[in-house]
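# Structure assessment
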Number of protein chains: 2
Amino acid sequence: MVDVAIVGAGQTKYGNHQSGMKGMWAEAAYNAFQSVDKDFQPKQIDEAYIGSVAFGGGQLGNTAALLTEHSGMKGIPVRRVENACASSGFALRDAWMAIKSGQADVVIAGGIEKMNDLTPERKRFWLGVSGDTEWERLAGLTFPGTYALMARRYFHEFESTHDDLVNISVKNHWHGLDNEMAHIRKDVSFDKAKNGFMVADPLTLYDCCPTSDGASCVILAADHVVKQFTDDPVWINGSAAASDYLALHDRPSITQLIATQNAAKKAYKMAGIEAHNIDLAEVHDCFTIAELLATEDLGFTKRGNGGKFARDGAGRRNEGDVCINPSGGLKSKGHPLGATGTGQTVEIFKQLRGEVEQSRQVRDAENALSHNVGGSGATCAVHVYGRNRNE
Amino acid sequence: MVDVAIVGAGQTKYGNHQSGMKGMWAEAAYNAFQSVDKDFQPKQIDEAYIGSVAFGGGQLGNTAALLTEHSGMKGIPVRRVENACASSGFALRDAWMAIKSGQADVVIAGGIEKMNDLTPERKRFWLGVSGDTEWERLAGLTFPGTYALMARRYFHEFESTHDDLVNISVKNHWHGLDNEMAHIRKDVSFDKAKNGFMVADPLTLYDCCPTSDGASCVILAADHVVKQFTDDPVWINGSAAASDYLALHDRPSITQLIATQNAAKKAYKMAGIEAHNIDLAEVHDCFTIAELLATEDLGFTKRGNGGKFARDGAGRRNEGDVCINPSGGLKSKGHPLGATGTGQTVEIFKQLRGEVEQSRQVRDAENALSHNVGGSGATCAVHVYGRNRNE
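Residues numbered from 1 in each chain as written. Chains lettered and ligands numbered in written order. Predicted model: local features only at pLDDT ≥ 70, side-chain atom pairs only at ≥ 80, totals over all residues.

## Brief notes about the overall build of chain A
Secondary structure summary: chain A contains 14 helices and 12 strands in total. Against the 2.2 N^0.38 benchmark of 21 Å for 391 residues, chain A shows a C-alpha radius of gyration of 19 Å, consistent with a compact globule. Summarising its shape, the C-alpha atoms of chain A cover approximately 55 × 45 × 40 Å along the three principal directions. Evaluated residue by residue, chain A yields a buried proportion of 65% over its 391 residues. (Helix = DSSP H or I, 4+ residues; strand = E, 2+ residues; numbered from the N terminus. Rg over C-alpha atoms; globule rule 2.2 N^0.38 Å. Buried ≥ 20, exposed ≤ 12 C-beta atoms within 10 Å, placed from the backbone.)

## Focus on the packing of helix 6 (residues 143–157) of chain A against helix 11 (residues 288–297) of chain A
Residues and elements named next belong to chain A. It is at 9 Å that the axes of helix 6 and helix 11 come closest, and there the two elements cross at 55 degrees. As far as their axial angle goes, helix 11 and helix 6 are oblique. Classified by chirality, the crossing of helix 11 by helix 6 is left-handed. Along its contact with helix 6, which presents Tyr147, Met150, Ala151 and Tyr154, the element helix 11 presents Ile289, Ala290 and Leu293. (Axes fitted to C-alpha atoms, helices over the stretch in contact; angles between N-to-C directions. Parallel < 35°, antiparallel > 145°, perpendicular 65-115°, else oblique. Left-handed = near helix turned anticlockwise from the far one by under 90°. Contact = placed C-beta atoms within 7 Å.)

## Here we look at the pairing of strand 2 (residues 47–51) of chain A
Residue and element names in this part refer to chain A. Within strand 2, 5 of the 5 residues are buried, which leaves it mostly tucked inside the rest of the structure. Burial along strand 2 is two-sided: Glu47, Tyr49 and Gly51 and Ala48 and Ile50, pointing in opposite directions, are all buried. As paired elements, strand 2 and strand 3 (residues 78–82) share 4 bridges and run parallel to each other. Bridge pairing in strand 3 places Tyr49 opposite Arg79. (Pairing = 2+ DSSP bridges.)

## Overview of the relation of the copies chain B and chain A
For the pair of chain copies, the relating transformation is a rotation about an axis with a translation along it. Screw-axis analysis of chain B against chain A gives a translation of 0.0 Å along the axis, an RMSD of 0.0 Å, and a rotation angle of 180 degrees. Taken together, the rotation and translation describe the operation of a two-fold axis. The C-alpha atom lying nearest the rotation axis in chain B is that of B:Ser101; the distance is 1.8 Å. Looking at the interface residues of chain B, 100% of them are also at the interface in chain A, so both copies use one shared face. (Least-squares fit on C-alpha atoms with pLDDT ≥ 70 in both.)

## Some points on the domain arrangement of chain A
Residue and element names in this part refer to chain A. Assigned domains of chain A: these are domain 1 (4–118 + 211–234) and domain 2 (140–210 + 237–385). The straight-line distance from the C-alpha centre of domain 1 to that of domain 2 is 23 Å. Contacts between the two partners involve 39 residues from domain 1 and, on the opposite side, 35 residues from domain 2. Of all the elements in the fold, those that place two or more residues in the side of domain 1 that touches domain 2 are strand 1 (4–11), helix 4 (87–100), strand 4 (106–113) and strand 7 (214–222). Top element by residues in the side of domain 1 that touches domain 2 is helix 4. It accounts for 8 residues. A class-by-class count of the residues in the side of domain 1 that touches domain 2 yields 19 nonpolar, 15 polar and 5 charged. (Domains from an automatic or database assignment. Nonpolar A, V, L, I, M, F, W, Y, C, P; charged D, E, K, R; others polar.)

## Focus on the pairing of strand 4 (residues 106–113) of chain B
Residues and elements named next belong to chain B. Across the 8 residues that make up strand 4, a large majority, 8, are buried. Two elements, strand 2 (residues 47–51) and strand 4, share 5 bridges in a ladder whose sense is parallel. If you follow Glu47 over to strand 4, its bridge partner there is Val107. Judged from the 8 bridges that link them, strand 4 and strand 7 (residues 214–222) form a sheet pairing that is antiparallel. Following the sheet pairing, Ile108 is matched in strand 7 by Ile219.

## Concerning the nonpolar core
Among soluble globular proteins, nonpolar side chains are generally buried collectively. Core analysis: the biggest nonpolar cluster contains 259 residues, and A:Val107, A:Val218, A:Leu220, B:Val107, B:Val218 and B:Leu220 have the highest contact counts within it. The residues contacting A:Leu220, other than those within four sequence positions of it, are A:Val4, A:Ile6, A:Ala95, A:Trp96, A:Ile99, A:Val107 and A:Ala109. (Core = buried A, V, L, I, M, F, W, Y, C linked by C-beta atoms within 7 Å.)

## Quick look at the interface of chain B and chain A
Chain B puts 45 residues into the contact, and the matching count from chain A is 45 residues. Elements that contribute at least two residues to the side of chain B that touches chain A include exactly helix 3 (63–68), strand 3 (78–82), helix 4 (87–100) and strand 8 (234–243) of chain B. The residue makeup of the side of chain B that touches chain A, split by class, is 20 nonpolar, 17 polar and 8 charged. Bridge analysis of strand 3 of chain A against strand 3 of chain B gives 3 bridges, and the strand direction is antiparallel. Paired with A:Val81 across the bridge in strand 3 of chain B is B:Val81.

Encoded structure:
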């Protein structure tokens, strides 16, 4: 079976963009093309998968065809993948499988979202529509509300308080401070994050990621063509995904995401490593509680210990065993829904190759993981990456 | 490399449904499950791909997770695929590749659309959004208008008149008359179709497909597990897809769909057959002119001869070399956007196995083709099927 490597990766800055969908996509794609070490022509791409939730405020259907025709990919098979905020995590998985299938040697996986030209009402709609509609959204439950329920329940079940979440927020803002691609580059103090504007009790403004515009794009290649493009690839050694009930009330527990646990187990097994081998992880911290739960669900700490893990600063860059969200995560780097999954991969590609800003480089990293969640955990894609190929 | 067969297929009737998205999907999925000859349990499914454009009037995001959790597929990796009206044609291709990749043995590809509870304005929006927005939709060009431009140009370039399109309409209504799954089952005379209400000159009401609700679902299996499910599979011997410029004005010609031509060439080559070997084809006749162009682009007749092909009744069931749209096509069977692609596959599965209503069974069919187009030709997926496996 063919193995798959990443040979190029690029993105736009996350934040408020003046340019439209086509311009943003072209910028991310050409940044990826130019990141390839040896000669690369976009006409070498065989197939493309693009994740997007709101496809330009719900205005630009047939999105994948629209975006690829102006970025050197005209004519190839393209499609949009939608799985709420896990859209491009699944685009990555499908691109990986396209190469595994032997049908393609070079495949693009990417994602894009343009949200900041929407009215607040429409923005709320496009966020809310990714959760359960019948039992949650139409009953008035917002996404911050959904995760606030998880946080309250977690504090009830385990020894943890909002202070643990504050630590996560402070860490991620610190990680993102020097990230030139990040949406929010602010040094946030513990007191400021703790006493932020209340969004959904117990979550303050500093527990919630921003809504960003952005695009991201990674170039995958089959093992037998990798050398054409680079001598320094990053291998995808594990790809797995899972789903769960969409509505919270159907789940046996709301203090763990079963889809994350199942996807992680499979991805580790495929890669032949375990959680303790991971040096850095980009995890889906749409809210700080989501990162806390992810550190448990992904096996970085045991169940019930996520609060202590955060309190101890175990995920801080170059301080603990694993760096959690070196990019700043969704909290600081930003969250352009459909772009987030492959945006995590862009960070990992650059971190493992030692190419991020020096001040925020994770040292001696060999293995990495990305964790991309759709809705409040209904879909999840986990990928495990290595400097070395797992043969 | 593993080969892929269809071992089950089911759909809802196309038309106006009272039930919602979840009910429609469950009906199509369970019809597919029950069509499997030997024992089949939905828990045997490894992965799912679901095509949808408007995902319940734009209300039900994270669609794939929502639909699968109540149809025995909870927990597996699922995603929605959007490529306008070619959404489930691409879902089928991605499902096929998932099996080819060795990552899955049994995969679901399906599609769904619920349109008839929308206001006429919102319905028009969800149709129009699949074409070019900046240069076409916002300038007032509707989808019937887009295809009307193609028809007028075709009549200008080649020897053909609207009467040829009328023949296509009459044929497809005749084909669909006994199809219990069809939206519009009416015996339509030449005069009635010719003198129908004008929609976009030269296209009358009888040149335009209806907007339908519906869902469809096919079960694919890897060669080494096929025998567990059936001794009578239908093999997917070729799968190919392509894209083209979204806006008409960018294309060198609007009387041919380059994406169709490119996808068809690859699919035939992969299957090791040519157009003249195809016994029946489900083609994307969103408008009658689209079928006329498809008969040329797919190689059933040569360029410029599509009018004569239609005049001669060459695509009529059991009369010519190839039966075009035995189901009635989008014109009579209906067009529930995201469900249409895999709906074509449901028809082919049943036709090749001799399981449709006796009065409309295509006789002695060995090879079949499905042709699913997104927008006005920006995306296209072509699949070639056989009673025998192309080894």
